[in-house]
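For reference, the chains in residue letters:
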Amino acid sequence: MTVGFVTFETVEQLRNAVEVLKENRSGGKQIKIADANRRSHQKLHAEGPVSNNGAATENSSDAAAPADGASGPEAAGASKRTVRDAVTPLAHMAYSDQLEHKKSSVAQLLKKLTRNAKKACPADVTLPDWISNAKQIGGLSCKLEGILESPVIDGYRNKCEFSVGHSLAGKKTVGFMLGNFREGVTAVEEPVDCPNVSAMSCKYAMIFQDFLQLSCLPAWNRVDNSGFWRQFTVREGRSPAQAVVAQDTQTQISEVMIIIQVCSTGVDEVLMKDEFAKLSKTLVQGAATCSPPLPLTTIVVQDHVGISNVAPADCPLIPLLAPEVDQSEEGAVDKTRIHDHISNLRFSLSPTAFFQVNTLAAERLYTLAGDWANLNSDTLLFDVCCGTGTIGLTLAHRVGMVVGIEMNESAVVDAQRNALINGIKNCRFVCGKAEDVMGSLLTEYLGSPQQHIAASESNSEVNGTGKKEDIVGGAENNGKSTESLTEKNDSSEINEDLDDGVSKELEGGHEQCNEAVRNQNSEEASSLVNEESIDAKAADCSEHTKTREEGSSISKNDVLAATACQFKNFVAIVDPPRAGLHPTVIKVLRTHPRIRRLVYISCNPDTLVANAIELCTPSTEHREKNKGHRGWRNMSSAGLARQRTKSMPNSEPFVPKRAMAVDLFPHTSHCEMVMLFER
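The name given to the protein in an unreviewed UniProt entry is Methyltransferase domain-containing protein, with Aegilops tauschii subsp. strangulata as the source organism.

**Q** What exactly am I supposed to notice about empty space enclosed by the protein here?
**A** A probe as big as a water molecule, rolled over the atoms, marks out the empty space that is left. According to the stated counting rule, one finds one cavity of 30 Å³ or more in the structure shown. There is about 30 Å³ of room inside the largest cavity. Lining the largest cavity are Phe 354, Tyr 366, Cys 385, Cys 386, Gly 387, Thr 390, Ile 391 and Asp 575. In terms of residue class, the lining of the largest cavity is built from five nonpolar, two polar and one charged.

**Q** How do you make sense of the UniProt feature "binding site: S-adenosyl-L-methionine" (unreviewed entry) in the protein when you look at a structure like this?
**A** The UniProt record annotates "binding site: S-adenosyl-L-methionine" (unreviewed entry) at Gln 356, Glu 406 and Asp 575. Cross-referencing the annotated residues with the lining of the largest cavity gives Asp 575. Within the fold, Glu 406 resides in strand S14 (residues 401-406). Excluding its chain neighbours within four sequence positions, the residues that come into contact with Glu 406 are Cys 385, Cys 386, Gly 387, Ala 411, Val 412, Val 430, Cys 431 and Gly 432. Position of Asp 575 relative to the elements: it lies in the loop between strand S16 (569-574) and helix H20 (583-591). Setting aside residues no more than four positions away along its own chain, Asp 575 makes contact with Gln 356, Val 384, Cys 385, Ile 391, Ile 601 and Glu 672.

**Q** What's the story with the environment of Gly 286 in this structure? I'm lost.
**A** Within the secondary structure layout, Gly 286 lies in helix H8 (residues 269-289). As a C-alpha pair, Gly 286 and Tyr 204 span 82 residues in sequence and 8.0 Å in three-dimensional space.

**Q** Looking at this structure, how should I read the sheet that holds strand S3 (residues 143-148)?
**A** For sheets, the rule is that strands pair by backbone hydrogen bonds, running either parallel or antiparallel. Here eight strands make up an open sheet; going across it, the order is S3-S18-S19-S17-S16-S13-S14-S15 and the pairing mixed. Each having just a single partner strand, S3 and strand S15 (427-431) make up the two edges of the open sheet. Across this sheet, the average inter-strand angle for adjacent strands is 15°, counted without regard to direction. In this structure, S14 lies alongside S15, joined through five bridges in parallel fashion. Looking at S15, one finds that Ile 405 is bridged to Val 430.

**Q** Would you mind going over the packing of aromatic side chains with me for this structure?
**A** To describe a pair of aromatic rings, you give the distance between the ring centres and the angle between the ring planes. Inspection of every chain in the model, using the stated rule, returns 10 aromatic pairs. Ring centres of Phe 208 and Trp 229 lie 5.7 Å apart, and the angle between their planes is 80°; this geometry places the pair in the edge-to-face category. With Phe 208 in helix H6 (residues 199-214) and Trp 229 in strand S7 (residues 229-238), this pair connects stretches of sequence that are 21 residues apart. One exposure class covers both Phe 208 and Trp 229, and it is buried. Between Phe 211 and Trp 229, the ring centres sit 5.7 Å apart and the planes meet at 85°, which makes this aromatic pair edge-to-face. Residue Phe 211 is located in helix H6, and its partner Trp 229 is located in strand S7; the two are separated by 18 residues in the primary sequence. Take Phe 211 and Trp 229: they sit in the same class, and that class is buried. Here a set of aromatic residues connected by ring pairs shows up, and it is made of Phe 208, Phe 211, Phe 228, Trp 229, Phe 232 and Phe 276. Lying over the aromatic face of Trp 220, Arg 230 brings its terminal NZ or CZ to 4.0 Å of the ring centre. Its end group placed over the ring of Phe 654, Arg 679 keeps NZ or CZ at 4.1 Å from the ring centre.

Parameters at a glance
Residues numbered from 1 in each chain as written. Predicted model: local features only at pLDDT ≥ 70, side-chain atom pairs only at ≥ 80, totals over all residues. Heavy atoms only, no water. 1 Å grid on protein atoms, 1.4 Å probe; cavity = no way out; pocket = protein on both sides within 12 Å on 5 of 7 lines; lining within 4 Å. Points joined across faces, edges and corners; volume = space filled by probe spheres on them. Nonpolar A, V, L, I, M, F, W, Y, C, P; charged D, E, K, R; others polar. UniProt positions renumbered as here; feature names shortened; annotations may be inferred. Helix = DSSP H or I, 4+ residues; strand = E, 2+ residues; numbered from the N terminus. Contact = heavy atoms within 4.5 Å. Pairing = 2+ DSSP bridges. Axes fitted to C-alpha atoms, helices over the stretch in contact; angles between N-to-C directions. Phe/Tyr/Trp six-rings, centres within 6.5 Å; stacked < 30°, edge-to-face > 60°. Buried < 20%, exposed > 50% of the residue type's maximum accessible area, 1.4 Å probe, protein only. Lys NZ or Arg CZ within 6 Å of the ring centre and 35° of its normal.

So this is what it looks like as C-alpha cells:
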C-alpha cells in the first residue's frame, strides 16, 4: 500500500508532524497528507483531526452528519452499499448470467497471457505455435472449454469468517465490513441476505453478537488496533454420501467448529478466562435451544496480537471444551478437529487447516484436475501446496505415488492423519516452503536436470534419435556409468532390495503406520479411526521418516535409480495461494525436463497468467541477470513476469493446452481456473 496511517496523542504533536512531513520528500516526491475518516461512533463532539495545512478541523459538521452518527464519507458509501453488495456482488444476477460473466473474464485473461508472452519472447527466438495460432481462436492462449457450475448455489460455504466491530450506529456487530479500510470504511454490518453464507453460520454469528452486548471486553478497533474480540469463524463438516445430491446443505452439517480470534494484550488473565467460560456456556446453550438444535463439536480461541486478522500458522490456540463431550471417556474425539468428506474420503481438519470452502464443487475440481493430468499406475504425482492433502489423497488411487509439499506444519500433520484414516499408503507429505524443498525433491526422485540432459545427449548418440521417451520411460542412470547400470540390471536381488528400500525410505515408514491402522480397523466395526491414536501414529510416522532419512545405510543413488525405474510418468499439480507460485518454484518446474505435464489450479487467475508467462515463454542462451530496478515496484504481476523471463535458464518451455473455469464461489466475482500445460 502507498498509504500510511499515523495516530498522535495531541493536536500539537500532529501539527509538528505535518510540518516535518511537508519539508521532507519521499523518493523525490512530495508526501500528500490527508485526513483519515474517523470511526462512525466516535466522531460526534470529538476534537477534529488536522487538515493538510495543520489546522484542526471537523471531518463533517454536526448539522451535516447523519442521525446515527456516521461520517459523511462512510455514511454516504454505506447508504448506497449493503452487506449483500459487498460480499456477493453478483447475487442480483441469474446464476446462468453469473457463469457467462465469469467465463468472459477468464477468456480475457487468456488473451492477456497471449499478449504478454508475445512481448516477453526474445527477439532471436521464433514465436511458439500457440502464440502464432492464437488468432484462430480469438486471441486465446489455448482453448477455453467452458465453466463448471457449482452443484450448490446458496449457503455453500463451509467456512465463514465474520468480522467483529461496530455498525454505522455504533453497535457491537458480528458480520462483514461494508468496504475496505484503505477507503476509510470500518463499519461492520450483520450478514443479512448473503446467499453464500449458510443459515447455521448466521445463527451462530447472532448468538455471539448477543453475547458481545453483555461482555465487559471491547470489540476490535481497526483505527487504533485495540480491543479484545476480533473475529468469529464458523467451520462446518458435512456428512458423506447424501451430500452429493442434497441441495439443503443445512441437513448435511454434522460437525461444527467455532474459532474466536481475540487479542489478549493488556487484558487480565482471570477476567479473560471468566469471559471464555461465559462464552462457551452461551454458545452451547444457544445451539441446544435452536430449533432444530445446532451441532457443536468444538470451540477454539485464537490469541492473535497482530494488526491484520490474518494470524500466523503458529498463533496460540486455546481449546474451550464443549460440555457434551465426555472427557473421561477413553478415546474421546479430538475436540480441536472436525471432519468433512470429499469423494468418499474422510478428512480431519484442524482449526487453521486450508480446505476448499465449497466441498461439492471441490469434488468436481479435483476430478477435472486428475482427468487432465492423464494419471495411471506408472505416475509419480507432485502435489505442490497440498494443504491437508485433499488433491493428492483423492487422486492417490489413480497413481503410483504422491509427494505432497506444504509449508503449514499443522496442515502436513492433517494430511498424514488423513492418509492413515483412509488407509492410503502411497502418499508422502513434506513440510517446507515449496521454494525451499521443490528442487531437492525433484532431484531426489528424478535426478538432477543436468544429469538427465547429459543422459539424453548420450542416448541420442547411441541410438541416432533424440527421443526423450527413451530416458523418461527407461532406467534413469542419475550420473552412473554404463557399468553400474549393467550391474544393476543383471542383479534382480539388488533390484528387489532397492525396491524394498525405496518403499521404506520414500514412504517414510507409512507401511508400519498403515499396518497399525489396519489392525485397528479390524477391531472396530465402523470406518472411524480413534483420533488420539491417529495423532500418536502420525507423530511416530513423522519421527520415523526423519530417523530413517538421517540414518539411512542405503546409497542415495541406488534409491534414485530404483525410483526412476518404478515410475515412467511424472506430473505436477499445483494449487497455490492467491499470490501464485514463488518464482523459484516456477524455475525448478520449468528447468527439469522430466516434468512433462503440469496442471495449475488457481484461485486468482491474474497470478496464474503471470506464472504462465514464465512457464511458457521461450528462453535464450543469452539470458540476463536480474538487476534491481525501482520501477519494478509499480509493475503489474504480468510485467514482473516478463522481466523474470529474461533471466530464465535456457530450457524447454511449457505449452498451454486447455483451460476451464470452475465456479466454487457463486454470487461472487471469483472463480477457480484450471489450466493444463504440456511439453
